[in-house]
Amino acid sequence: MRHRLLALATRRARAPVSMLSRARHHSTDSTAKDTAAGPLAGIRVLDLTRILAGPYCTMLLGDLGAQVIKVEHPTRGDDTRAWGPPFKLYEHQLAGTNRGPLHKDPPLFPGESAYYLCVNRNKQSIAVDMKTDEGRRILIDLARNSDVLVENYVPGKLAQYGLSYEELREVNPRLVYASITGYGSTGPYSGRPGYDVIIEAEAGLMHITGEEDGGPVKVGVAVTDIMTGLYVHGAIMAALISRASTGRGQHLDASLLQTQVSMLANIGSNYLIGGVEAQRWGTRHASIAPYQVFGTKDGSICIGAGNNKQFSSLCHRLRQPWLPDDPRFRTNSDRVKNRTELVAIINQTLSAMTTEEVLAMLEGCGLPYGPVNSVAQTFAHPQVLARRVVREIEHPFAGKIRVAGPAVEYSESAVDVRLPPPMLGQHTELVLRSVLGYSDQQIERAVSSGGATMYNYK
């Protein structure tokens with residue numbers, strides 16, 4: 001039975017494309033061959049998310065070979081399409097001349113926003129209005145033919161349109177339905193919207209971030225959003241494995257709040273176990289010294305001596321080999337207790353040297369260290385270049401774009417950037433025909449009613 005269920009799911013997810021659709025969409029219908037070697041080949045994801053946490057999650061699934069169908073508002077699309085500058089300006093004309101009366105000229109944006117481009121590769125975009133009967137019918141049909149649905153609406157919102165988990169599992173009991181919200185689907189705050197920066201403040205991260213004598217600050221990137229996307233991407237794959245045994249999907253209820261609380265890690269454990277309230281330490285570590293950023297003559301460098309051996313190595317490179325025998329610095333506990341004196345000694349040496357001189361001095365010492373790099377320096381880092389972290393792909397209208405590729409290398413599977421981030425509604429007709437098998441009459445009804453929008457891309 002299990003093998004029959006898996007075979008049925010695979011056949012459904014790889015719905016055949018009609019000869020008519022192939023003829024009309026030969027330039028964009030590359031999903032089947034592109035995803036064939038990925039670990040998630042044959043898995044279809046219906047993506048009802050916007051902005052960052054959800055799109056980051058679905059991008060990871062797309063990187064792994066899943067077919068990701070991104071549902072967007074017909075006129076404005078994902079909110080991040082307008083979040084700029086910077087924008088990657090278009091190099092080619094958008095509107096074509098060879099489509100029928102059901103196609104509209106595409107909406108005009110300043111270009112493709114860098115924010116949107118960073119988390120929407122390996123996806124197809126369809127423009128659907130879920131507030132219309134036809135739009136809802138399309139989404140229900142897609143849910144029936146998908147393995148995974150990911151959404152990030154306020155709890156209860158999709159139920160207003162007949163798209164809740166309880167309703168969609170009736171049409172597809174095998175559906176894995178993942179909800180990403182600010183606070184979760186239950187509890188006194190469940191109805192509140194949530195943004196990364198608000199959760200950073202409310203769930204402890206901002207309280208522990210910043211200099212000791214300064215105010216709370218946000219992390220430089222939306223780390224709570226990103227970590228939530230990572231959590232949900234892993235949960236989806238676990239649910240798919242569970243489905244292979246049970247034949248049933250399930251609802252995954254994820255929130256930014258729970259993600260952030262779990263991310264407090266040892267800081268949270270210090271409070272739960274020892275009742276110790278956290279404080280801001282800047283770049284320093286509450287329990288290790290030296291473990292922080294030090295200034296140089298022309299920049300900064302981060303050094304971490306996590307044990308006595310590493311501290312001894314540092315002291316020898318600083319030409320102060322007697323420091324490990326100083327009673328103030330013999331053990332890590334001693335060094336933490338006398339941190340101010342130790343840091344002053346190290347600063348006296350490093351502040352008189354350039355960053356390059358410090359890096360040369362520490363080369364090969366077995367001590368973790370690194371310069372504080374700008375973003376430009378990060379992308380020019382020799383290890384980043386050697387690992388081919390940045391990938392380049394051709395966008396049909398914006399030309400060549402560069403993105404940070406998948407973070408994990410697979411020895412046996414093809415995981416890469418296969419498809420550029422899509423234009424708004426670029427694949428509406430393709431998906432309606434090849435995934436849902438809609439006839440010309442069904443497509444005409446969907447478009448004329450406002451349920452779906454097809455754009456006249458060149």
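Numbering of residues begins from 1 in every chain and follows the order in which that chain's sequence is written. Totals for whole chains, interfaces and linings use every residue, but because this is a predicted model, local features are given only for residues with pLDDT of at least 70 and side-chain atom pairs only at 80 or more, for both listing and counting. The basis for every side-chain value is the complete set of heavy atoms in the structure, and neither hydrogens nor water enter the calculation.

On a regular strand, one side chain projects to one face of the sheet and the next to the other, so that they alternate. Every second residue of strand S13 (residues 390–395) is oriented toward a common face, the buried set being Arg391, Ile393 and His395 and the non-buried set Val390, Glu392 and Glu394. By this definition, two strands are paired if DSSP reports at least two bridges between them. A helix here means a DSSP run of H or I that spans at least four residues, while a strand means a run of E at least two residues long, and both kinds are numbered starting from the N terminus. Where S13 lies against strand S14 (residues 399–404), six bridges are found, and the strand directions are antiparallel. Following the sheet pairing, Arg391 is matched in S14 by Val403. Under the scheme applied here, a residue whose accessible area is under 20% of the maximum for its type counts as buried, over 50% as exposed, and between as partly exposed, the area being computed with a 1.4 Å probe on protein chains only.

All right, on to unusual backbone geometry then. Gly84 connects to Pro85 through a cis peptide bond whose omega is 5°. When you line up the elements, Pro85 lands in the loop between strand S2 (67–72) and strand S3 (87–88). Cis rather than trans, the peptide bond between Pro85 and Pro86 has omega equal to 5°. Note on placement: Pro86 falls in the loop between S2 and S3.

Here the focus is the packing of aromatic side chains. Aromatic pairing here means that ring centres of Phe, Tyr or Trp (its six-membered ring) are within 6.5 Å. Orientation follows from the plane angle: under 30 degrees is stacked, over 60 is edge-to-face, and everything else is tilted. Evaluation of the coordinates by the stated rule reveals five aromatic pairs. Where Phe397 meets Tyr457, the ring centres are 5.6 Å apart and the plane angle is 40°; that geometry is what we call tilted. Of this pair, Phe397 sits in the loop between S13 and S14 while Tyr457 sits in the segment after strand S15 (452–455), and the two are 60 residues apart along the sequence. Note on accessibility: Phe397 and Tyr457 belong to one class, buried. A ring pair is formed by Tyr455 and Tyr457, whose centres lie 6.1 Å apart and whose planes are at 70°; its orientation type is edge-to-face. An aromatic cluster of at least three residues, connected via ring pairs, comprises Phe397, Tyr455 and Tyr457. Positioned above the aromatic ring of Tyr189, the side-chain terminus of Arg192 is 3.9 Å from the ring centre. Here the guanidinium or amino end of Arg335 rests over the ring plane of Phe311, the centre of that ring lying 4.3 Å away. Sitting over a ring, as applied to charges here, requires NZ of Lys or CZ of Arg to be within 6 Å of the ring centre and within 35 degrees of the ring normal.

Here we come to the sheet that holds strand S7 (residues 148–151). Pairing within the open sheet is mixed, and its eight strands lie in the order S4-S15-S6-S2-S1-S7-S8-S9. Bordering the open sheet on either side are strand S4 (103–104) and strand S9 (251–255), each of which pairs with just one other strand. Here a residue-residue contact requires only that any non-hydrogen atoms of the pair lie within 4.5 Å. Angles here are taken between N-to-C directions and fall from 0 to 180 degrees, while the axes themselves are lines fitted to C-alpha atoms, restricted in helices to the stretch in contact. Sitting on the sheet, helix H4 (residues 53–63) touches strand S1 (44–48), S2, S7 and strand S8 (176–181), and the angle it makes with S2 is about 155°.

For patch detection, residues must exceed 30% relative accessible area and be free of salt bridges, and they are connected within 9 Å for like charges or within 5 Å for nonpolar side chains (Val, Leu, Ile, Met, Phe, Trp, Tyr). Throughout, the Shrake-Rupley method with a 1.4 Å probe supplies accessible areas, and for residues the shown protein chains are the sole cover considered. Whenever a carboxyl oxygen of Asp or Glu lies within 4 Å of a side-chain nitrogen of Lys or Arg, that contact is scored as a salt bridge. A contiguous nonpolar surface patch, about 280 Å² in accessible area, is contributed by Tyr195, Val197 and Ile198. Locating Tyr195 in the fold gives a position in the loop between S8 and helix H8 (196–202).

Another point: the packing of H4 against helix H9 (residues 223–246). Look at H4 against H9: their axes get within 8 Å of each other, and the N-to-C directions meet at 45°. By the criterion of interaxial angle, the relationship of H4 to H9 is oblique. For the element pair H4 and H9, the recorded crossing hand is right-handed. Facing H4, whose interface residues are Ala53, Tyr56, Cys57, Leu60 and Leu61, H9 presents Asp225, Ile226, Thr228, Gly229, Leu230, Val232, His233, Ile236 and Met237. With respect to orientation, any angle under 35 degrees is reported as roughly parallel, any angle over 145 as roughly antiparallel, any angle of 65 to 115 as roughly perpendicular, and every other angle as oblique. It is the rotation of the near helix from the far one that decides the hand of a crossing: anticlockwise by less than a right angle makes it left-handed, clockwise makes it right-handed.

An α-helical turn contains 3.6 residues, so a residue and the one three or four places further along point in the same direction. Compared with an ideal rise of 1.5 Å per residue, which puts 12 residues at 16 Å, helix H14 (residues 339–350) spans 16 Å between its outermost C-alpha atoms and is within 8% of the ideal. Listing the buried residues of H14 in full gives Arg339, Leu342, Val343, Ile345, Ile346 and Leu350. What you see down the axis of H14 is that its buried residues fit within an arc of 160°, all on one side. Facing away from the buried side of H14, by more than 90 degrees, are the exposed residues Thr340 and Gln348. Residues of H14 that are buried in the fold lie against strand S10 (291–295), strand S11 (300–304), helix H12 (308–317), helix H13 (332–337) and helix H15 (355–362). Working rule for helices: expected span equals 1.5 Å times residues minus one. This arc describes the spread of directions from the helix axis toward the C-beta atoms.

A word on the environment of Asp416. In this fold, Asp416 is placed in the loop between S14 and helix H18 (428–434). Spatially, the C-alpha atom of Asp416 lies 36 Å from that of Gly282, the residues being 134 residues apart in sequence. For Asp416, the residues in contact, after removing those within four places along its chain, are Asp63, Asn122, Arg388, Arg391 and Pro406.

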